[in-house]
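# Overview (structure and organization)
Residue-level listing of the chains:
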Amino acid sequence: DAGVIQSPRHEVTEMGQEVTLRCKPISGHNSLFWYRQTMMRGLELLIYFNNNVPIDDSGMPEDRFSAKMPNASFSTLKIQPSEPRDSAVYFCASTQGGAEAFFGQGTRLTVV
Amino acid sequence: AQRVTQPEKLLSVFKGAPVELKCNYSYSGSPELFWYVQYSRQRLQLLLRHISRESIKGFTADLNKGETSFHLKKPFAQEEDSAMYYCALLYGQNFVFGPGTRLSVLP
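Residues numbered from 1 in each chain as written. Chains lettered and ligands numbered in written order. Predicted model: local features only at pLDDT ≥ 70, side-chain atom pairs only at ≥ 80, totals over all residues. Heavy atoms only, no water.

### Digging into the overall build of chain B
Counting its regular elements, chain B contains zero helices and eleven strands. When the helices and strands of chain B are read in sequence order from the N terminus, they spell out β-β-β-β-β-β-β-β-β-β-β. Expressed as lengths along the three principal axes of its C-alpha atoms, the size of chain B is roughly 40 × 30 × 25 Å. The buried share of chain B, reckoned over its 107 residues, is 45%. Counting contacts in chain B only where the partners sit at least 6 residues apart, residues at least 24 apart contribute 57% of the total. For chain B, the accessible surface area stands at approximately 5,300 Å², while carbon and sulfur atoms represent 51% of it. Across chain B, the centroid of the 13 positively charged side chains sits 6 Å from that of the 9 negatively charged ones. (Helix = DSSP H or I, 4+ residues; strand = E, 2+ residues; numbered from the N terminus. Buried < 20%, exposed > 50% of the residue type's maximum accessible area, 1.4 Å probe, protein only. Contact = heavy atoms within 4.5 Å. Areas by Shrake-Rupley, 256 points an atom, 1.4 Å probe, with all protein chains shown as cover. Lys, Arg positive; Asp, Glu negative; His and termini not counted. Charge placed at Lys NZ, Arg CZ, Asp CG, Glu CD.)

### Some remarks on the side chain of Ser69(B)
Residues and elements named next belong to chain B. On the secondary structure map, serine 69 appears in the loop between strand 7 (60-61) and strand 8 (72-74). Taking relative accessible area as the criterion, serine 69 reaches 3% and is therefore assigned buried. In contact with serine 69, not counting residues within four places along its chain, are Cys23, Asn24, Tyr25, Asp62, Leu63 and Asn64.

### Looking at the sheet that holds strand 1 (residues 5-7) of chain A
Sheet strands line up and pair through hydrogen bonds in the backbone, either parallel or antiparallel. Residue and element names in this part refer to chain A. Taken together, four strands build an open sheet; the order of strands is 1-3-8-7 and the sheet is antiparallel. Single-partner strands in this sheet number two, and they are strand 1 and strand 7 (65-71). On average, each strand axis in the sheet is inclined to that of its neighbour by 15°, with strand direction left out of account. As paired elements, strand 7 and strand 8 (residues 74-79) share five bridges and run antiparallel to each other. Paired with alanine 67 across the strands is leucine 77, a residue of strand 8. (Pairing = 2+ DSSP bridges. Axes fitted to C-alpha atoms, helices over the stretch in contact; angles between N-to-C directions.)

### Focus: the pattern of salt bridges
Residue and element names in this part refer to chain A. Inspection of every chain in the model, using the stated rule, returns twelve salt bridges over all chains. Measuring nitrogen to oxygen at the nearest pair gives 3.3 Å for the salt bridge that ties arginine 36 to glutamate 44. Residues joined in a network through salt bridges with shared partners are Glu62, Arg64, Glu83, Arg85 and Asp86. (Salt bridge = Lys/Arg side-chain N within 4 Å of Asp/Glu carboxyl O.)

### A closer look at the nonpolar core
As a rule of thumb, soluble globular proteins bury nonpolar side chains together. Ranked by internal contacts, the top residues of the largest apolar core, which has 25 residues, are Val19(B), Trp35(B), Leu47(B), Leu48(B), Phe70(B), Leu72(B) and Tyr85(B). Mapped onto this core, the elements with two or more residues apiece are strand 2 (10-14), strand 3 (19-21), strand 5 (32-38), strand 6 (45-49), strand 9 (83-91) and strand 11 (101-106) of chain B. It is strand 9 of chain B that contributes the most residues to this core, four residues altogether. Aside from chain neighbours lying at most four places away, what touches Val19(B) is Leu11(B), Val13(B), Phe59(B), Leu72(B), Lys73(B), Lys74(B), Ala77(B) and Leu103(B). Judged by nonpolar contacts, the second largest core, of 21 residues, contains Ile26(A), Ala67(A), Met69(A) and Val111(A). (Core = buried A, V, L, I, M, F, W, Y, C linked by side-chain atoms within 4.5 Å.)

On their own, these measurements won't tell you what the molecule is for.
Structure, rendered in structure tokens:
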């Protein structure tokens, strides 16, 4: 397995534009997490899914952020409209049954 | 509420010196704790988990339920240990990460 795959690796967009980040978890994993990493706030959990169902989205900053997991092999995190303060590295991670969390390479988002 | 704290944002030590990265947690159940490491511009990867009681790259961590701590230790730091270290608590299916400590090992 290639591990958790995120795309794109880098994204530069203008304020106000819609941004979609993608994640493919490891096959067979039943939990998926989206994290945001910044220098100021460290690693923040945004949302996590279990068996494709959102369990806890209390970390989603505001209504501009939304996440979906239409099937076990794909998830998206969307920001609409994007703002400069959304600039961060966004990580996706997956686990199976509460074992080790495997992280993707991250998407570095810059909103100008 | 479940919480993980790492009191030091930055820790600098000289090569060959002992290092201890502190982690404390709050959780009413039986905790399952992990240390993750993130080298420069790379993904987070598992360093060790308390249930396996193993030593990875010379690092060890002991769970102290009385002090609710899971400090990471290494007797002799190496320059390649310079990285960001995150302590994490697993409860149910959810991981809670601490704020992280940046370890800088000086030559």
